[in-house]
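One letter stands for each residue in the lines below.
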Amino acid sequence: MTPCPASRTTRRLLSGLALFVLLAPTPGAAETGITVRPEFYLTGIANYVESHGESYGFEALAATTELNFYPKHKRYWGGLFIDYRSSTSARLRGNLNLGGYIRYNFARWDSTAWLFSSRSPDSPGTAVYAARLRYRVTDWYKLGIEALAPVDKASRPTLMLGYYADFSDTVSVKLFAGTGVRNGTNFATRMEFIWKAF
């Protein structure tokens, strides 16, 4: 019996993640002034959207592996990531994101930009950008704003206000609410529960 494309994709993803982590340099091993550190996250996501006169909700589970590069004594760092999402909605079922990011820290602010390819089993890949600006209110929570859009529709992003809370070094929660800019989304909310496995 021939395995379905979704099964093949899942196996390839898991094999890729394993190689990604095994081949990554160990933290602190670099002698060039850059620490290279792999990190892995599991995220539970709940969404609610009002768009074109309709409203709907859906949930998703994301597994994310990052390979981060931390220059010593610098305010910036960046990395590469692979993110696989399964969902109760066909919109995110079997969704695979692959790309990179760069982040810059100020005294109480931080800004991050992402560029990645997003694809699902029944659609070709789409180039997507995201940008975020946050203010650190305390050591445990931040407030911010995020923008997300396909690169070919960069002037019509979804804008969301965000609340970011860290309960520990490994558990955090993000809450978002916002709207689309000329993209048909009247209102959207999202809650993310994140566990950093390593």
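Throughout what follows, the structure given in this document is the object of discussion. Remember, it's a predicted structure, so these values are computed and weren't measured experimentally.

The rules behind the values
Residues numbered from 1 in each chain as written. Predicted model: local features only at pLDDT ≥ 70, side-chain atom pairs only at ≥ 80, totals over all residues. Heavy atoms only, no water. Helix = DSSP H or I, 4+ residues; strand = E, 2+ residues; numbered from the N terminus. Buried < 20%, exposed > 50% of the residue type's maximum accessible area, 1.4 Å probe, protein only. Contact = heavy atoms within 4.5 Å. Areas by Shrake-Rupley, 256 points an atom, 1.4 Å probe, with all protein chains shown as cover. Salt bridge = Lys/Arg side-chain N within 4 Å of Asp/Glu carboxyl O. Phe/Tyr/Trp six-rings, centres within 6.5 Å; stacked < 30°, edge-to-face > 60°. Lys NZ or Arg CZ within 6 Å of the ring centre and 35° of its normal. Pairing = 2+ DSSP bridges. Axes fitted to C-alpha atoms, helices over the stretch in contact; angles between N-to-C directions. Patch = residues over 30% accessible without salt bridge, like charges linked within 9 Å, V, L, I, M, F, W, Y side chains within 5 Å.

## Details of the overall build of the protein chain
At step 1: In terms of regular secondary structure, the protein chain is built from one helix and 10 strands.
At step 2: In sequence order, the protein chain lays out its α and β elements as α-β-β-β-β-β-β-β-β-β-β.
At step 3: Within the protein chain, buried positions represent 36% of all 198 residues.
At step 4: Contacts in the protein chain between residues far apart in sequence, at least 24 positions, make up 41% of those at least 6 positions apart.
At step 5: On the protein chain, roughly 11,800 Å² of surface is accessible, and the fraction owed to carbon and sulfur atoms is 62%.

## Quick word on the pattern of salt bridges
At step 1: A complete count under the given rule lists seven salt bridges for this structure.
At step 2: The residue arginine 103 makes a salt bridge to aspartate 110 at a minimum N-O spacing of 3.7 Å. Residue arginine 103 shares its accessibility class with aspartate 110, and that shared class is buried.
At step 3: Note that lysine 142 and aspartate 110 form a salt bridge whose closest N and O atoms lie 3.2 Å from each other. Remark: aspartate 110 occurs in strand β5 (residues 109–120) and lysine 142 occurs in strand β7 (residues 141–150); sequence separation between them is 32 residues.
At step 4: What makes lysine 142 buried here is its relative accessible area of 15%.

## What to know about the packing of aromatic side chains
At step 1: All chains considered together, the criterion is met by eight aromatic pairs.
At step 2: With centroids separated by 5.9 Å and ring planes inclined at 20 degrees, the aromatic side chains of phenylalanine 40 and phenylalanine 198 adopt a geometry described as stacked. Taken together, the residues phenylalanine 40 in strand β1 (residues 34–51) and phenylalanine 198 in the segment after β10 (185–196) connect sequence positions 158 residues apart.
At step 3: On the accessibility criterion, phenylalanine 40 (18% relative accessible area) is buried.
At step 4: Residue class for phenylalanine 198 comes out partly exposed when judged on its relative accessible area of 43%.
At step 5: Above the ring of phenylalanine 176, the side-chain terminus of arginine 190 is found at 4.2 Å from the ring centroid.

## Describing the sheet that holds β5
At step 1: The strand order around the closed barrel formed by 10 strands is β1-β2-β3-β4-β5-β6-β7-β8-β9-β10, and the pairing between neighbours is antiparallel. In this sheet, neighbouring strand axes are inclined to one another by 25 degrees on average, regardless of whether the strands run parallel or antiparallel.
At step 2: In this structure, β1 lies alongside strand β2 (residues 54–71), joined through 18 bridges in antiparallel fashion. Bridging across to β2, glutamate 39 finds its partner in glutamate 66.

## What to know about a nonpolar patch on the surface
At step 1: A surface patch of nonpolar side chains, amounting to about 810 Å² of accessible area, comprises Tyr76, Tyr104, Phe106, Trp109, Leu133, Tyr135, Ile145, Leu159 and Leu161.
At step 2: Sorting the residues of the nonpolar patch by element identifies β6 (123–136) and β8 (158–166) as the ones contributing at least two each.
At step 3: Here leucine 133 is to be found in strand β6.
At step 4: Since its relative accessible area comes to 38%, leucine 133 is described here as partly exposed.

## Comments concerning the side chain of serine 172
At step 1: Looking at the element boundaries, serine 172 is found in strand β9 (residues 171–180).
At step 2: Note on serine 172: relative accessible area 13%, which makes it buried.

## Thoughts on the pairing of β7
At step 1: As defined by bridge partners, β6 adjoins β7 across nine bridges and the pair is classed as antiparallel. The partner of valine 128 across the bridge, within β7, is proline 150.
At step 2: Examined bridge by bridge, β7 and β8 share eight bridges and lie antiparallel to one another. Directly across from glycine 144, in β8, lies its bridge partner glycine 162.

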